[in-house]
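Chain and residue survey
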Amino acid sequence: MLQVPYLRENLEAALTGLNKRNKDFAETVHHILLVDEKRRKIQNELDGQLAEANQLAKSIGDLFKSGKKEEADELKKRTSELKESTKELEVQLLALEEEQKQLLYLVPNVPHHSVVFGKGADENEIVYSTGDVHANTTNKLPHWELCEKYDLIDFELGVKIAGAGFPVYKGKGARLQRALINYFLDQAQAAGYQEFQPPHLVNEASGYGTGQLPDKEGQMYHVGVDDLYLIPTAEVPLTNLFRDVMLKEEQLPIKLTGYTPCFRREAGSYGKDVRGLNRLHQFDKVEIVQLAHPSKSYEHLEEMVAHVKGLLNQLELPFRILRLCGGDMGFTSALTFDFEVFSAAQERWLEVSSTSNFETFQANRLKCRFKGADGKSQLVHTLNGSALALPRIVAALLENHQDENGIRIPHALVPYCGFERIN
RNA sequence: GGAAAGGUGGGUGAGUGGCUGAAACCAACAGUUUGCUAAACUGUCGUACGGGAAACCGUACCGGGGGUUCGAAUCCCCCCCUUUCCGCCA
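Residues numbered from 1 in each chain as written. Chains lettered and ligands numbered in written order. Predicted model: local features only at pLDDT ≥ 70, side-chain atom pairs only at ≥ 80, totals over all residues. Heavy atoms only, no water.

Things to note about the packing of helix α7 (residues 171-190) against helix α12 (residues 390-400)
So the rule is basically this: Lines fitted to C-alpha atoms define the axes here, with helix axes fitted over just the stretch in contact, and angles between the N-to-C directions of these axes take values from 0 to 180 degrees. Helix and strand assignments follow DSSP, with helices taken as H or I runs no shorter than four residues and strands as E runs no shorter than two, numbered in order from the N terminus. Small angles under 35 degrees read as roughly parallel and large ones over 145 as roughly antiparallel, with 65 to 115 read as roughly perpendicular and the rest as oblique. The handedness criterion is simple: a crossing whose near helix is rotated anticlockwise from the far helix by less than a right angle is left-handed, and one whose near helix is rotated clockwise is right-handed. In this analysis, two residues are considered to be in contact whenever any of their non-hydrogen atoms come within 4.5 Å of each other. Under the grouping applied here, Gly and all other residues not named as nonpolar or charged are polar, the nonpolar ones being Ala, Val, Leu, Ile, Met, Phe, Trp, Tyr, Cys and Pro and the charged ones Asp, Glu, Lys and Arg.
Following both chains from N to C, one finds α7 and α12 inclined at 115 degrees, their axes separated by 11 Å at the closest point. The orientation of α7 with respect to α12, classified from their angle, is roughly perpendicular. When you trace α7 past α12, the crossing you get is right-handed. From α7, Leu176, Gln177, Leu180, Ile181 and Phe184 reach across to α12, where they touch Leu390, Ile393, Val394 and Leu397. For the contact of α7 with α12, the residue count by class is eight nonpolar, one polar and no charged.

What follows is the structure, given as structure tokens:
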């Protein structure tokens, strides 16, 4: 969430930025500042009364010790008065703090200056593209047919075991999954990311830390008996490793990677969006995460974008990079680049990575800070990106690299697969 | 799941009602000494919020919440977590 002092001192800039999201937050922000003003006033008053009570308690103690019981009793009258009024002020203060917090949960991150105003996905800017994607679309089978033809993935079996959206990978299909995971992890490691294997279930505090709670509660599977959530992305456990942590400036940037399955309820999705591998309840993903110095975070974002770009080039897939407009950007993000691969048979773009800088928005909830040279603590910037999400990559690989003799495995992947062709 | 012990600052750990925001040690940082390293010595060394231009001052925080008291890390109640033993088990 946004920091109140930031809003207080940069009100105009914040509102101008928020306007790019095609929604008006002015009222909420002003409300926050109003509550903040009240809050500070009450705290000031409360602190004064508590200070007096502390003084009195000391005096009473001293008087007791020197046997002046009557004088002590006299002072006690005042303390009981104070006790009542401080109690009342405390209730007010807590209510204001809670109100402020609830209001802050409603306000998304302020978009970066490079983000344009836009109503939705149609207005995203294409900042990179590999060229004419429609040149290679004749006689292509959709990946779900290829999966059946070459016995790679059994969607029906998945329905039997769990339900729609839980595919069963078989034979070379399963091997391809494992190859992609290893390939992505190796590439991340080569780029300086330390590999982690985090838990796949997380507690409520972690959900709040990265912003899935309270906004997107319905997207996560919740294990009621133990009050745990299945992770929708490795971002959640990986970023939360640094919840409530005070770092040293020289530790930055911290670069993490991890493979995890991801679980998403995807309630309300239907039609061609959920066909085959397009949208699943469980899928595999390798994530990269960075905790960065605020003055360097946009350089690191560029670096992450370049990393993902490299992966897609190595997989020999047609793709494009979008800079999301304000209306399409996620709640917690300040700047997001989406990567979309072109699916040759479906002839549509499939999102395979979303790489974002959250600036201090997550760090504020996480309380992940570092101490600068001046000895003052400040919030880190958090960034993350998929590198990459598997299912749509698999869909694109199958559809784009198919020919009459089967499916060609890109060179980079052959050592990981142990075969050059699926047929 | 049953039983017991315990949760204090970056770490170890003292602290059973006021002199404790918290001893001591370690780590860290700055300085002195030193041919270099090491050692030794001196000093600094929690976080958040509020007030202030600043120096600084105030308040809160010893797992979380509530209570007793003029006054709580310390006493009482509830909850959470961790560790150990037993049971179960990949």
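As for the environment of leucine 94
Definition in use: Here the term buried applies to any residue with accessible area under 20% of the maximum for its type, exposed to any over 50%, and partly exposed to those in between, with areas from a 1.4 Å probe on protein chains only.
Mapped onto the fold, leucine 94 is located in helix α4 (residues 69-106). Leucine 94 gets classed as exposed once you look at its relative accessible area, which sits at 57%. Distance from leucine 94 to leucine 18, taken between C-alpha atoms, is 28 Å for residues 76 residues apart in sequence.

Quick word on the protein's contact with RNA strand B
Defined as follows: Being near a molecule or strand, for a residue, means having at least one of its heavy atoms within 4 Å of it. Polar contacts here mean pairs of N or O atoms no more than 3.5 Å apart (in protein, one a potential hydrogen donor and the other a potential acceptor; neighbouring residues in sequence count only if both atoms are side-chain atoms).
Lining the immediate surroundings of RNA strand B are 20 residues, of which Arg39, Gln43, Ala57, Lys371 and Ser377 lie closest. In RNA strand B, atoms within 4 Å of the protein come from the sugar-phosphate backbone in 78% of cases. Between a phosphate oxygen of RNA strand B and a side-chain N or O atom of arginine 8, the distance comes to 3.3 Å. Contacts to RNA strand B include asparagine 44, whose side-chain N or O atom sits 3.3 Å from a sugar or linking oxygen. Listing elements by their share of the surface near RNA strand B, those giving two or more residues are α3 (26-65), α4 and β14 (368-371). Sorting elements by how many residues they give to the surface near RNA strand B places α3 first, with 11 residues.

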